Amino acid sequence: MGGDRGFAAEEHAWMARALELARRGLYTTDPNPRVGCVLVREGRIVGEGWHRRAGEAHAEVRALQAAGERARGASAYVTLEPCCHHGRTPPCTQALIDAGVAAVVAAMADPNPRVAGRGFERLRAAGIDVRAGLLEEEARALNPGFVRRMEGGRPWVRCKMAMSLDGRTALASGASRWITGEAARHDVHRLRARSSAILVGIGTVLADDPSLDVRLTAKDLGLDEDLSVPVPLRVVADARLRTPPGARMLGLPGATLVAAVGAPEPQRAALEARGAEVLACGGAEGRVDLRRLLRELARREVNELLVEGGPTLCGALLEAGLVDELVIYLAPHLLGDGARGLFHLPGIGTMAQRVGVEIRDVRAVGGDWRITARPIPR
C-alpha cells in the first residue's frame with residue numbers, strides 16, 4: 001500500500017472527486033475529519049457522500065444511501081480508512097460489508113489509534129479487496145489538525161499575522177487597525193471558521209479587546225441551509241490572569257478558556273461569573289506552559305488552532321518548535337523602523353541561528369498578498 005503508482009487514471013479522477021466532496025465539510029465536521037466517498041460500478045459513479053458534521057452519517061453511509069442497490073459489487077473510493085468502531089455513529093466498515101461492495105480504495109489509513117488499519121483488516125476479512133495510498137498527500141493536507149492530534153497529541157498550530165512591506169505589525173504606539181484591506185480581513189474569518197479554537201495572548205486582549213468571532217454568514221461559507229456558522233473556542237494565554245471581566249469576547253456566544261499560571265480567587269471568580277473557564281497551566285519562569293496547553297486542547301478535541309497573537313506569543317511558539325504553519329498577510333505600505341516587528345525572537349544572534357521557512361503558497365487577496373509558509377525544523 002502507499003503511493004499513487006499502480007492506480008489507473010480514472011481512479012485518480014474518482015479519488016479527486018471524493019476529496020472535492022470532503023472539502024464541503026471544511027467548516028462543519030469538527031472534531032471529526034473531513035471525509036468524502038464515491039461509489040463506482042462498471043466505470044460509472046453510482047453514489048456520492050461526504051461527512052457534514054459530527055453526529056451525522058459518515059461519508060460512506062451517505063454514499064451507500066445515494067447508491068441503494070447499485071452499491072452491490074461497486075468500488076468505494078474514500079479519502080480516509082473507514083471506521084471500525086462505534087463512536088457517535090455505527091462503524092462504516094460494517095455498512096460497506098452489508099451493502100456488498102467489492103472493493104475499497106482509501107487515500108490514507110486512519111491515524112486514530114482506535115482504527116489505525118483495523119478497518120482495512122475487517123474489510124479484507126469479509127472478502128473485500130482493499131488498497132490505499134491514492135492521493136494520500138492531498139488527503140492528509142485536508143485534515144492537518146486531525147492528523148496532528150492523532151499522531152502528535154496536539155493541534156495543528158497555524159499562526160496568522162499581518163505586516164507591512166517592511167515587516168512591521170503595528171506602530172510604536174501599538175496602533176494596527178487596519179494594516180490589511182477588507183478582502184484580507186474577510187479571508188481571516190474563513191481561517192477562523194475552519195479552526196477549532198483561536199489563541200491570543202493577554203497583550204492582544206488588553207490592547208485590542210478582540211471579539212475572536214466569525215463574522216461570516218452560512219451563505220458566505222457555502223453551507224447548507226440547516227448548518228450554522230461554527231463558533232471556535234476562544235483561548236487566552238494569560239499568566240497573571242489579567243483578562244478583564246468586561247472583555248468583549250466574554251459577552252459573545254461560545255466558550256472562552258483562560259490559561260494562567262496562578263489563579264487568584266477574586267480574578268478567577270470574576271471571570272467565571274462571566275462564563276470563562278480558568279485553566280491552571282503554569283510553566284517555567286512564571287509563563288504559561290504552551291506545550292501543556294496544546295496537549296490540553298488536543299484532549300478537548302481541538303484539531304486546528306489559529307493563533308492571532310502578537311510577536312511575543314507567536315515568537316514563543318515558533319522558538320519552541322510548536323508552529324506548523326504561518327499565514328502572513330503582506331500589505332503594500334511602509335510603517336518605518338520605529339514600528340513593531342513580526343516575531344519576538346531574542347535568542348537569534350548569528351545567521352546560523354535564523355529560522356528558515358518553506359514558502360508553500362503566495363497569492364493576491366484584494367490589494368494584499370497572502371504568504372503561506374511552514375517553519376523548517378532546526
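Ranked by size, the top nonpolar core spans 41 residues in total, and within it Met15, Leu39, Tyr77 and Val104 carry the most contacts. Sort the elements by how many residues they give to this core and helix H1 (residues 9–22) lands first, with six residues. What Met15 contacts, discounting residues up to four positions off in sequence, is Tyr77, Val78, Thr79, Val105, Ala106, Ala107, Leu134 and Leu135. Counting 32 residues, the second-largest nonpolar core is a separate cluster that includes Met163, Leu257, Leu342 and Ile371.

The subject of this paragraph is unusual backbone geometry. A cis amide bond links Asp30 with the next residue in sequence, Pro31, at an omega value of 5°. Within the element layout of this structure, Pro31 appears in the loop between H1 and strand E1 (36–41). Look at Glu42: it is not a glycine, yet its phi comes out positive at around 55°. With a relative accessible area of 76%, Glu42 lands in the exposed category. Phi is positive for Leu241, which is not a glycine, with a value near 55°. Within the fold, Leu241 resides in the loop between strand E8 (233–237) and strand E9 (256–260). By relative accessible area, which is 3% here, Leu241 ends up buried.

Glancing now at the sheet that holds strand E4 (residues 103–106). Taken in spatial order, the five strands make up an open sheet running E2-E1-E3-E4-E5, and their pairing is mixed. Each of the sheet's edge strands pairs with one partner strand only, and the pair in question is strand E2 (44–50) and strand E5 (129–132). Adjacent strand axes in the sheet meet at a mean angle of 15° when their direction is disregarded. As judged from the four bridges shared by strand E3 (residues 75–78) and E4, these two strands associate in the parallel manner. Across the sheet, the residue bridging to Val78 is Ala106, located in E4. Those strands touched by helix H4 (residues 118–125) are E4 and E5, and its axis lies near 155° from that of E5.

This part takes up the packing of aromatic side chains. This structure, assessed with the given rule, holds one aromatic pair. With a centroid separation of 5.4 Å and 55° between ring planes, the pair formed by Trp14 and Tyr77 is classed as tilted. One end of the pair, Trp14, is in helix H1; the other, Tyr77, is in strand E3, and 63 residues separate them in sequence. With respect to class, Trp14 is no different from Tyr77; both count as buried. If you follow Arg62 out to its NZ or CZ, it ends over the ring of Trp50, 4.9 Å from the centre. The ring of Trp178 carries the charged tip of Arg185 above its face, separated from the ring centre by 4.5 Å.

What counts, and at which threshold
Residues numbered from 1 in each chain as written. Predicted model: local features only at pLDDT ≥ 70, side-chain atom pairs only at ≥ 80, totals over all residues. Heavy atoms only, no water. Core = buried A, V, L, I, M, F, W, Y, C linked by side-chain atoms within 4.5 Å. Buried < 20%, exposed > 50% of the residue type's maximum accessible area, 1.4 Å probe, protein only. Helix = DSSP H or I, 4+ residues; strand = E, 2+ residues; numbered from the N terminus. Contact = heavy atoms within 4.5 Å. Pairing = 2+ DSSP bridges. Axes fitted to C-alpha atoms, helices over the stretch in contact; angles between N-to-C directions. Phe/Tyr/Trp six-rings, centres within 6.5 Å; stacked < 30°, edge-to-face > 60°. Lys NZ or Arg CZ within 6 Å of the ring centre and 35° of its normal.

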